[in-house]
Each structure stands twice: as C-alpha cells, then as structure tokens.
Amino acid sequence: MTDIKFIPDGGVTSTPGFLASGVHCGIRKNKTKRDLALILADKLCNAAAVYTTNKVKAAPVYLTMENLQNGKARAIIANSGNANACAPGGEEAAKQMTTSLATHLKINPTDVIVNSTGVIGVPLPIDAITTAIPALAQGLTQDNAPVTEAIMTTDTFPKSCAAQVNIDGKTVTVGGIAKGSGMIHPNMATMFAFITTDCNICGKMLQQAIKASADATYNCISVDGDTSTNDMTAILASGKAGNSEITTDGAEYQAFLAALNAVNLHLAKEIARDGEGATKLIVCKVSGAKDYNNAIILAKGVISSSLVKAAMFGEDANFGRVLCALGYSGGEFDPATVDFSYVSENGRLPMCKQSRGLAFDEDIAKKVLGHKEITIEIELNNGIHSATAYG
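As the structure is a computational prediction, the values presented were derived from the model and not from experiment. (Residues numbered from 1 in each chain as written. Predicted model: local features only at pLDDT ≥ 70, side-chain atom pairs only at ≥ 80, totals over all residues. Heavy atoms only, no water.)

A. Up close: the overall build of the chain. Across its full length, the chain carries ten helices and 15 strands. The C-alpha radius of gyration computed for the chain amounts to 22 Å, which stays within 12% of the reference 21 Å derived for 391 residues, consistent with globular compactness. A burial count over the chain gives 54% of its 391 residues as buried. Residue pairs at least 24 apart in sequence account for 80% of intrachain contacts in the chain once pairs closer than 6 positions are excluded. (Helix = DSSP H or I, 4+ residues; strand = E, 2+ residues; numbered from the N terminus. Rg over C-alpha atoms; globule rule 2.2 N^0.38 Å. Buried < 20%, exposed > 50% of the residue type's maximum accessible area, 1.4 Å probe, protein only. Contact = heavy atoms within 4.5 Å.)

As structure tokens, then:
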C-alpha cells in the first residue's frame, strides 16, 4: 500500500521549483477579487492535459491543445470573469495572453498553457490582461492563496491540495488547485484543475496518468449535468525530485498515480461539495458490479438524478428514487438483487434488501439524512467490482 502524506494547506506552490501569483486586472467589477492567475516552473517541464468533450470549446482550450502537442510547458496563465468562449476575437485574445506573458518572462509562447472561465459569448478585455502581466509576474511567490482565489468564479471557497510520496527513495510532491461550482458534469476533468509535480516521469506516462486520474476523480462528479466549454486539467512535471525516470507502468508509476489520485480526489470532492446552491455532498458507492465501467455508470446515474438530489435536500428516505435512477442509468445489473443503505456520521439506515423495501424509523431517517454528507451504499450482488461517484 502506497504511503501518501498530505501537506497541510498545500497547493501548486508546495512543489519545489514552482511559484504562483494572482492579481486583479479589471475583468471583474469587484476590485477586491483577483481575476488573473499565473503558475511558473523554474525550468521547462513535461506537460499533459485532458480537455472538455463538449463540441463547443473555448478559444484558449484549442490553443492549449495546440501548444501541448510537443508535451512541454513552463507556465500556466488563466483568468476568471470571462470564459473567452464563443466570443468575438477569442482566438486572437488567447494568443495575446500567451505571447504577452512569454515576452515578459522571456520564454516561448508555445510553452504556455492558457485558459479562461466565466461568462460565455462576451469579448475578453485583453488589454486589461496584458497591462497586468508585469504585476502578475512581479507577484510570483510561494504563497498558494492568491493564485487559488484568482481562478474562482461562483466558488464559495478556494480549493487546493498537496501530497507527497516516496518513489525510488526520493520524496515526490504533487500539488494542485481547482475551481468549479456550476456547469459541473465533466467528461474529462473539471472546470479547472492545475497540477504541479517534481516527479521525473516521461511525457507519455504523464499523459496516461492524468487521463487515468481524471477518469477516477473528476469524471466521477456531477453537480448540475452541464459539461462546460472550458473544462481542463493540466499538469506540469519538472523531474526535479531526482527519482529514476518513470517510463513504464510499474511500481513507481503506480505510486505516482496514487499521489496524483489523492490530490485530484480531494479537489473533485470539494467541487461537488461546493456545487451552486448545494447543501449536501452526496456520495454513491456501488459494489458487487460485473465490471468497473458498469459500476461507475450506475453510481453517476444515482448522484446525477434530480429526484435523488431533491430527496436528499428534503431529508426524505425515498428508496424508490435510487432504484429508479439505477434502472435508467444505462448500467447493467440484476434489478432483483439490489441492497442499499443511507449512511452518514449520524448512523446507518438500511433501505432495501434484494430490491425490496425495508421498514425503517422516520426519526432515525431524519437523523441520518440530516448530515451535510450522505453516502448511498449500494450492493448489486452481481460481481466483485466497485466505483464511487460524488454529487
């Protein structure tokens, strides 16, 4: 079992060799809210990303896809308050963000990852961004708070995490920040998640790791069923930890993936917890499935159900809505063998056995469902595979 150590109050700057900054440049009317973010590595890194599967993609997403064709990057720049999606002059504005930053930092524009988040269809005020770039660069520091705030839109709290793992006798750090509250139903990653690491890992395995981690974390959450135009998760790997380069899927790769998953799962759950208008985090654990694919389809079907959400909000122990959601999710299971319970820190409430409802005490039900985090534990009794989704 891989020993993962979390870093208290950690984030992207917890990784040695990375600095970050966040400033208010004028995109947002609220002058106290930072709206322009920068993450910079002290050397060129292997880089990888996963992107929204929405056919309508924002201009910066397309530009980052182009820039990362060589698998290298050194900086990440992002703004909040404007998505630069479906906007007049969007492609040119995205390029200006990268070229202006690159000119000031004296790096190659193609070594810059860029993204935007906020209102769709409105021209990006690029002059405000380019004017603020000197202050943005001057503000580079090991403080993780400014950059985390600068990417937030409707988020009610910042989201960051960092962890360490031993690989090849070396301490490897993985740090991350994320934003997301509305338009959350990712089919790749999240609204934003930017990850830094000093792990020495080749580009091919880094891309494999970020895709696998996104599938196991961000792709297991849903808030409102909407997949955004700007979803992106990007990772920079400097190699400065000094471990032997990871080039194949072995014990070292699995240790790195475990640390990456630990950081991304924390961030993904925080996004689900911070869903617009949310009062509770819903966790659905499906066990006893014939394979993982069916397990995750079924789990996501439950946490995405509007009626299940309504029942949890109203603290109504309605087991029929859970079975109904399983039935239309598209996952395969035996509808006659399902067991499930509601679980929280306030107790456990068995709801059905072999797909038949069980008698329960309404007072206990109110107590269990009255907690801010509720787990729906489902046993299909069809196999040995399991998956968990968050809503």
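B. Summary view of the packing of aromatic side chains. Within this structure, the stated rule accounts for two aromatic pairs. Between Phe192 and Phe194, the ring centres sit 5.2 Å apart and the planes meet at 35 degrees, which makes this aromatic pair tilted. One cation-aromatic arrangement involves Lys159 over Phe157; the distance from NZ or CZ to the ring centre is 4.5 Å. (Phe/Tyr/Trp six-rings, centres within 6.5 Å; stacked < 30°, edge-to-face > 60°. Lys NZ or Arg CZ within 6 Å of the ring centre and 35° of its normal.)

C. Representation of the sheet that holds strand β11 (residues 339-344) in the model. On the basis of which strands lie adjacent, the open sheet formed by six strands has the order β13-β12-β11-β14-β10-β15 and mixed pairing. Looking along the sheet, the strands with just one partner apiece sit at the ends: β13 (356-357) and β15 (385-390). In this structure, strand β10 (residues 281-289) lies alongside β15, joined through five bridges in antiparallel fashion. Each residue of the ladder has a partner; that of Cys284, found in β15, is Ala389. (Pairing = 2+ DSSP bridges.)

D. Structural detail: unusual backbone geometry. Phi at Ser355 takes a positive value of approximately 65 degrees, unusual for a residue other than glycine. Counting through the fold element by element, Ser355 comes out in the loop between β12 (347-353) and β13. Residue class for Ser355 comes out buried when judged on its relative accessible area of 8%. A positive phi angle is found at Asn381, which is not glycine, with a value near 60 degrees. Overall, the relative accessible area of 39% leaves Asn381 in the partly exposed class.

E. Focus on the packing of helix α1 (residues 59-67) against helix α2 (residues 90-105). For the pair α1 and α2, the least separation of the axes is 8 Å and the interaxial angle reads 55 degrees. The orientation of α1 relative to α2 falls into the category oblique. Crossing geometry of α1 relative to α2 is assigned as right-handed. Here Ala59, Pro60, Leu63 and Asn67 of α1 lie close against α2, whose contacting residues are Gly90, Glu91, Ala94, Lys95 and Thr98. A per-class count over the contact of α1 with α2 returns four nonpolar, three polar and two charged. (Axes fitted to C-alpha atoms, helices over the stretch in contact; angles between N-to-C directions. Parallel < 35°, antiparallel > 145°, perpendicular 65-115°, else oblique. Left-handed = near helix turned anticlockwise from the far one by under 90°. Nonpolar A, V, L, I, M, F, W, Y, C, P; charged D, E, K, R; others polar.)

F. Spatial organisation of the pairing of strand β7 (residues 170-179). The buried fraction of β7 is high, at eight of ten residues. Here strand β6 (residues 159-167) runs beside β7; their pairing, made up of nine bridges, is antiparallel. Bridge assignment links Val165 to a residue of β7, and that residue is Val172. Hairpin connection, β6 to β7: the antiparallel pair is bridged by two residues, and Asp168 has positive phi, about 60 degrees. The pairing of β7 with strand β8 (residues 192-197) spans six bridges and is classified as antiparallel. Its bridge partner being in β8, Gly175 is matched across the sheet by Thr196.

G. Layout of the packing of helix α8 (residues 306-313) against helix α9 (residues 319-328). Interaxial distance between α8 and α9 falls to 9 Å at its minimum, and their mutual angle equals 160 degrees. With respect to each other, α8 and α9 are oriented roughly antiparallel. Note on packing geometry: the crossing formed by α8 with α9 is left-handed. Contact residues: α8 offers Leu307, Val308, Ala310 and Ala311, while α9 offers Arg321, Val322 and Ala325.

H. Up close: the environment of Gln208. With respect to the element layout, Gln208 can be found in helix α5 (residues 203-216). For Gln208, a relative accessible area of 35% puts it in the partly exposed group. For the pair Gln208 and Asp249, spaced 41 residues apart in sequence, the C-alpha separation works out to 9.5 Å. In contact with Gln208, other than residues within four places in its own chain, are Asp249 and Tyr253. Side-chain polar atoms of Gln208 contact the side chain of Tyr253, separated by 3.5 Å. (Polar contact = N/O pair within 3.5 Å; in protein donor to acceptor, adjacent residues only side chain to side chain.)

I. Focus on the pattern of salt bridges. For the structure shown, the criterion picks out eleven salt bridges. The partner of Lys240 in a salt bridge is Asp42, and the shortest N-O contact between them spans 2.7 Å. Of this pair, Lys240 sits in the loop between β9 (232-237) and α6 (251-273) while Asp42 sits in strand β3 (residues 36-51); the two residues are 198 residues apart in sequence, bridging distant segments of the chain. Classification of Lys240 by relative accessible area gives partly exposed; the value is 43%. Put simply, Arg273 and Glu373 hold a salt bridge, and the shortest N to O gap is 3.3 Å. Here Arg273, found in helix α6, pairs with Glu373, found in strand β14 (residues 373-379); they are 100 residues apart in sequence, far enough to count as distant. Accessibility expressed as a relative area gives 24% for Glu373, which makes it partly exposed. Overlapping salt bridges bring together Asp155, Lys159 and Asp274 as one network. (Salt bridge = Lys/Arg side-chain N within 4 Å of Asp/Glu carboxyl O.)

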